[in-house]
Amino acid sequence: MSEEIKSFTISVYTENNIGLLNRISAIFQRRHINIESLTTSQSEIENVNRFVIVVNITESQAIKVVKQIEKQVEALRAYYHTDEETIYTESCMFKIKSDLLFEEPQIQNIIKDSNARIVTVNKKFFVLEKSGRRHEIELLRRELNVFGIMQFVRSGRIAVTKEEMKISEMLSAFNNQL
Amino acid sequence: MKTQTANKTQNVTEKTERITGSEAIIRCLIAEGVDILYGYPGGAIMPVYDELYKFKDQISHILTRHEQGAAHAAQGYARISGRVGVAMATSGPGATNLVTGIADAQIDSTPLVCITGQVASHLLGSDAFQETDIVGISTPVTKWNCQVTEASQIPEALAKAFYLAKSGRPGPVLVDITKDAQFGELDFKYEKCKGVRSYIPVPPTDLETVAKAAELINNAKKPLIVWGQGIILSQAEEQLKAVIEKAGIPSAWTILGASAIPTSHPLNIGMVGMHGNYAPNVLTNECDVLIAIGMRFDDRVTGNLNTYAKQAKVIHFEIDPAEVDKNVKTDVAVLGDAKSSLTALLPLLNNNTHNEWHQKFKDLYAIEFEKIIKDDITPTKEGLTMGEVLRQININTKGNAAIVSDVGQHQMIACRYSEFNITKSNITSGGLGTMGFALPAAIGAKMAAPDREVVAIIGDGGYQMTIQELGTIFQNKVPVKIVVLNNEFLGMVRQWQQLFFDKRYASTEMTNPDFVTIAKGYYIEGKRVTKRDELATAVKEMIASKDAYFLEVCVEKEDNVFPMIPSGASVSDIRLS
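Per an unreviewed UniProt entry, chain B goes by the name Acetolactate synthase and belongs to Confluentibacter flavum. UniProt's Sequence similarities (unreviewed entry) comment on chain B is quoted here verbatim: "Belongs to the TPP enzyme family."

As annotated in an unreviewed UniProt entry, chain A is Acetolactate synthase small subunit from Confluentibacter flavum. In its Sequence similarities (unreviewed entry) section, UniProt records this for chain A: "Belongs to the acetolactate synthase small subunit family." One UniProt comment on chain A, placed under Function (unreviewed entry), says "Catalyzes the conversion of 2 pyruvate molecules into acetolactate in the first common step of the biosynthetic pathway of the branched-amino acids such as leucine, isoleucine, and valine."

Caption draft 1: Just the packing of helix α1 (residues 21-31) of chain B against helix α6 (residues 154-166) of chain B, in detail. All names here are of chain B. Relative to each other, α1 and α6 sit at 30°, their axes nearing to 9 Å. Judged on the interaxial angle alone, α6 and α1 are roughly parallel. Crossing hand, α1 versus α6: right-handed. Along its contact with α1, which presents Gly21, Ala24, Ile25 and Cys28, the element α6 presents Ile154, Pro155, Leu158 and Ala159. Tallied by class, residues from the contact of α1 with α6 come to seven nonpolar, one polar and no charged.

Caption draft 2: Representation of the interface of chain A and chain B in the model. Taken residue by residue, the interface counts 19 residues in chain A and 20 residues in chain B. Among the elements of the structure, α1 (20-30), α2 (59-71), β4 (75-82) and α6 (167-176) of chain A are those that each provide at least two residues to the side of chain A that touches chain B. A total of four residues in the side of chain A that touches chain B trace back to one element, the largest contributor, which is α2(A). Classifying every residue of the side of chain A that touches chain B by side-chain character gives seven nonpolar, six polar and six charged.

Caption draft 3: Examining the UniProt feature "domain: Thiamine pyrophosphate enzyme N-terminal TPP-binding" (unreviewed entry) in chain B more closely. Here, UniProt's "domain: Thiamine pyrophosphate enzyme N-terminal TPP-binding" (unreviewed entry) annotation points to residues 20-135 of chain B. Secondary structure over residues 20-135 of chain B splits into 45% helix and 18% strand, and the C-alpha atoms at its two ends are 23 Å apart.

Caption draft 4: Spotlight on the sheet that holds strand β11 (residues 223-227) of chain B. Residue and element names in this part refer to chain B. A sheet is described by the order of its strands in space; here six strands give the open sequence β13-β12-β11-β14-β15-β16, paired in parallel fashion. Bordering the open sheet on either side are β13 (268-271) and β16 (332-335), each of which pairs with just one other strand. Averaged over neighbouring strand pairs, the angle between their axes works out to 20° when direction is ignored. Here two bridges tie strand β12 (residues 251-253) to β13, and the two strands are oriented parallel to one another. For Ser251, the partnering residue across the bridge sits in β13 and is Asn268.

Caption draft 5: Structural context of the UniProt feature "domain: Thiamine pyrophosphate enzyme TPP-binding" (unreviewed entry) in chain B. With numbering matched to this structure, UniProt assigns "domain: Thiamine pyrophosphate enzyme TPP-binding" (unreviewed entry) to residues 406-553 of chain B. As annotated, residues 406-553 of chain B has a helix share of 41% and a strand share of 17%, and its two end C-alpha atoms lie 15 Å apart.

Rules used throughout
- Residues numbered from 1 in each chain as written.
- Chains lettered and ligands numbered in written order.
- Predicted model: local features only at pLDDT ≥ 70, side-chain atom pairs only at ≥ 80, totals over all residues.
- UniProt positions renumbered as here; feature names shortened; annotations may be inferred.
- Axes fitted to C-alpha atoms, helices over the stretch in contact; angles between N-to-C directions.
- Helix = DSSP H or I, 4+ residues; strand = E, 2+ residues; numbered from the N terminus.
- Parallel < 35°, antiparallel > 145°, perpendicular 65-115°, else oblique.
- Left-handed = near helix turned anticlockwise from the far one by under 90°.
- Contact = placed C-beta atoms within 7 Å.
- Nonpolar A, V, L, I, M, F, W, Y, C, P; charged D, E, K, R; others polar.
- Pairing = 2+ DSSP bridges.

Pasting the structure below:
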């Protein structure tokens, strides 16, 4: 098994319970693994949450971490995937002075070329939203930085996997045992 | 508790009753078969204690002298009986004092339900008097925990707590209950928890992996079994014995696996690990198939992983998937409960004896006996040894006692030399190495198994960490036998200082009080032994006593425990001196 450190996306399906975030993050903390990003949301299944955690670790670490996450009582299933095995994206927002939109015509070209979206415009500022890969977002940030950015924020990665994860099957199997 | 629908439940009774949350807590405990719990009252748990008073005919509460004692007593109760131990404490310091016991139970897979009081829910997060975030604090050391803020949540929370503590790989759980939830009312109906959808307690045994394991074992020329506490937890003692005997495999144990197979069994070849026996450690690096059953390849067992059993095919019988390949890469992992896996394995095994291989263990044992054991248990030098005390205890209890040991040199000696005929008889703090464990754990063990002889073996250091539990022993007339092996040192640390820190004995020497007088202060009969010719009679007297008894044995100050695998060394580089 490769001992090369690379980016893994860890997907965790969980019950929606207070304290579970602590339990899961503690597994990374104990092993001194830095979490690059962590996003939680509702999953495709009612009342089941999904964590998407991005870490730079070796595959053997990923296997151990995933097992320890699954061991938590309220974690339904955990998986790890390489970047190639997932479809992923990040989202970001820029708050920029509205004057610049008129004074610096180049900004309009940047917006157009980057497929960014204007969320709102008022007299003082406008807000730009962009989804995409990290390098696309970084490129846009560098380009806009020349003109001045009032605020910038980027989300963690969200990802869906190419392979099936079969959580619904697992849950219906449990219900059938009732 | 949003997952009501997620738990499988079994109807016990359909009709409900309007009662308070605190009464519901007691009724839940009774429904779970709890007869004894250990704890310490305080502000945030007082409504529950008030109910305990009303239900005292049905459930006993033992007041320990410190909440740590309550947790360890509950552990001792659980370890000797296989049942769930219960500890209770108030909020804040009461709850934090439980944490050491909870951490100990977590790493040693002991089923424990801890109930803590919490400040009223409207005060949560406000730094109220005796408020602490015990759910946050205990998260890394519990199998599961939760906070209950409404009376109506109590039955489901406790049902889940007992189910999770006991099922699968056992462990401690904590339920934190706010004071308003204790005072509040609910329509009480108790349903035992039968399952949690996000939790697979026991992975099913895969017969294909069992067959692969059997094939490896049948083809092995030099197989070695190392079993752990998993055998005891899954009550697989008989199955293990049958496997060992049929396949003729020399079998060693981890510290927590001790007593699962009688010491006298000819295929029981002793303990593995840092202070384990010479033969199983050395031959771990010579066996061709290593069969690990219900053990987790702790670093104290494996020494340096880079040189651990590299020549062997490794089979791992394990209930917890997270343990497989965690430390040692396995060739065949058999997931599942040890009892069902071994039951499936037995008919696939060929009869074998491996006489030549077994002889190697006997030869190495002879070396260990000559160089270490003989002088440990039948010394000729002047100073008393810990080993000879254990020998006297063996003689007087005929190997039928439960030995509760603390942590340090005396613990290694107790585990090396105790003779066990009965399973669940070695109660010690293995993974966490908690000094102060033994005295309170012995209380719990004796109360859970009043017909067993329970002997606590403790060092002079650890004894003084929970010495106040003598008060619990006295008040509740718990007839435990307490042996303090006093070398006036924190002996194991001193041994390391001697071997690895050029004898710089930093803060390990102890000036001790008069322990016998202290015992007598608690009205516990006691004796101090300083000479060899007094030892046999003193041990005999202690074992014959119907009441609690304290025996202090002043042993040689600077004895070392050998064999020893220095940390970072290979198991086969175990030192005999």
